[in-house]
Amino acid sequence: KGLFVKEIEESMLRGEIDFAVHSAKDLPAELAPGLRIGAYPVREDARDVFISRGNVALAALPQGAKVATSSLRRKVQLLTVRRDLEILPMRGNVDTRLRKLAEGYCDGLILAAAGLRRLGREDVAAQPIAMDLMVPSPGQGALGIEVPERGGKAAEFLARLDDAGTRLAVEFERAFLKAFGGGCSTPLGAHATVQGRGVSMTVFYAEVDGSRPRRITDSCDDPARRDAFAAALANRLRAAK
């Protein structure tokens, strides 16, 4: 994950830029020394969405239909409920992927709901995938605005954008990511929702070959116990059958 942000972080540490806006799901579990997240603005929809030619529902796809995604997390979770599907790789920006779908490369594809919304593509008929079917990537749907630890006027201004609920949930997800380990090539999902002062979090993991998929949901009422809770949840997930 660090490949997405390393050059930007180095530029910030040299003082060439004042802050950086990232998709929180692209941030490594450990930030570069000297940097911190100055703000998490209000989170967008964290779900994945399914898009198909003719707006056919995922459950209504014919046997052997082709669905495109280069995310191992999405592929593994999709195949746990539809083993008959053929999963094809697909890269490129959103417009490129939508064009490939229209040209017949696949019958459907999976994208992040937040990506479509932020690009103003509400015109696309996207069907949200329930989280009990597909657990999102840690931080999905959220932005993380990274600033130097030394602060400054930009950091003071950006702090006004911070949403306490989003920060609480995403920091729990990132604590779990750090405790469990893994990166873009790991079929790992985590999503936290605020409940009172604490959170409820659902996590997912499977082996790289898709075997032993498992999912756990648990709650933590005390944010001060976040790291211990995340570590315990990671250990339970590793040991789950």
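Here's what I pulled together on the structure shown here.

Rules and cut-offs
Starting from 1, residues in each chain are numbered consecutively following that chain's sequence as written. Totals for whole chains, interfaces and linings use all residues, but because this is a predicted model, local features are given only for residues with pLDDT of at least 70 and pairs of side-chain atoms are given and counted only at 80 or more. Just so you know, side-chain values use all the structure's heavy atoms and leave hydrogens and water out. Note on conventions: DSSP H or I runs of at least 4 residues are helices, E runs of at least 2 residues are strands, and numbering of each starts at the N terminus. Between the two quantities, the radius of gyration covers C-alpha atoms and the globule rule is 2.2 Å times the number of residues to the power 0.38. Exposure is judged per residue with a 1.4 Å probe applied to protein chains only, and the accessible area is read against the type maximum: over 50% gives exposed, under 20% gives buried, and values in between give partly exposed. Contacts are assigned to residue pairs that have any heavy atoms within 4.5 Å of one another. The Shrake-Rupley method, run with a 1.4 Å probe sphere, supplies the accessible areas, and residue values consider only the shown protein chains as cover. Within this scheme the basic residues Lys and Arg register as positive and the acidic residues Asp and Glu register as negative, but His and the chain ends are omitted. Taken as the charge location is NZ of Lys, CZ of Arg, CG of Asp or CD of Glu. What counts as a salt bridge is simple: a side-chain nitrogen of Lys or Arg found within 4 Å of a carboxyl oxygen of Asp or Glu. Criterion used throughout: strands pair if DSSP finds at least two bridges between them. Fitting a line to C-alpha atoms yields each axis, with helices limited to the stretch in contact; the angle taken between N-to-C directions then spans 0 to 180 degrees. Convention used here: angles under 35 degrees read as roughly parallel, angles over 145 as roughly antiparallel, angles from 65 to 115 as roughly perpendicular, and any remaining angle as oblique. Handedness of a crossing follows from how the near helix is turned relative to the far one, being left-handed for an anticlockwise turn of less than a right angle and right-handed for a clockwise one. Under the scheme applied here, ten amino acids are nonpolar (Ala, Val, Leu, Ile, Met, Phe, Trp, Tyr, Cys and Pro), four are charged (Asp, Glu, Lys and Arg), and all others, including Gly, are polar.

Quick word on the overall build of the protein chain
Next up, step 1: The number of helices and strands found in the protein chain is 7 helices and 11 strands.
Next up, step 2: The C-alpha atoms of the protein chain give a radius of gyration of 18 Å, which matches the 18 Å a tight globule of 241 residues would have.
Next up, step 3: On the principal axes, the C-alpha backbone points of the protein chain span a range of 55 × 40 × 30 Å.
Next up, step 4: When burial is assessed residue by residue, the protein chain has 47% of its 241 residues classed as buried.
Next up, step 5: Long-range contacts, defined here as pairs at least 24 residues apart, represent 67% of the contacts in the protein chain between residues at least 6 apart.
Next up, step 6: Within the structure as shown, the protein chain displays about 11800 Å² of accessible surface, and the carbon and sulfur contribution to it stands at 51%.
Next up, step 7: Between the centroid of the 36 positive side chains of the protein chain and the centroid of its 31 negative side chains there is a distance of 4 Å.

Quick notes on the pattern of salt bridges
Next up, step 1: As enumerated under the stated definition, the model contains 20 salt bridges in all.
Next up, step 2: Here R236 ties to D218 by a salt bridge, and the two come within 2.7 Å at their closest N and O atoms. Taken together, the residues span a long stretch of sequence, with R236 in helix α7 (residues 226-239) and D218 in strand β11 (residues 214-220) at a distance of 18 residues.
Next up, step 3: Among the charged side chains, a salt-bridge network with shared partners connects E44, R117 and E122.

Side note on the sheet that holds strand β5 (residues 86-88)
Next up, step 1: Read across the open sheet, the 5 strands follow the order β5-β4-β6-β3-β7; overall the sheet is mixed. At either margin of the open sheet sits one strand with a lone partner, and together these are β5 and β7 (127-128).
Next up, step 2: Here strand β3 (residues 48-52) pairs with β7 via 2 bridges, running antiparallel. Looking at the pairing, F50 lines up with Q127 of β7.
Next up, step 3: On the sheet, helix α2 (residues 72-81) packs against β3, β4 (66-68), β5 and β6 (108-112) and is oriented at approximately 125° with respect to β6.
Next up, step 4: Of the strands in this sheet, β3 and β6 touch helix α3 (residues 94-102), which is tilted by about 165° from β6.

A few points about the side chain of H22
Next up, step 1: Position of H22 relative to the elements: it lies in strand β1 (residues 20-23).
Next up, step 2: Exposure remark for H22: the relative accessible area of 6% places this residue in the buried category.
Next up, step 3: Leave out the neighbours within four places in its chain, and H22 touches V5, I8, L27, A142, L143, G144 and E146.

Regarding the packing of helix α6 (residues 164-180) against α7
Next up, step 1: Viewed as axis vectors pointing N to C, α6 and α7 meet at an angle of 50°, and their least axial separation amounts to 8 Å. In terms of orientation, α6 and α7 fall into the oblique class. Helix-helix and strand crossings are classified by hand; for α6 and α7 the assignment is right-handed. Contact with α6, carried on its side by E171, F172, A175, F176, A179 and F180, involves R226, D227, F229, A230, A231, L233, A234, L237 and R238 of α7 and no other residues of that element.
Next up, step 2: Across the contact of α6 with α7, the residue classes break down as 11 nonpolar, no polar and 4 charged.

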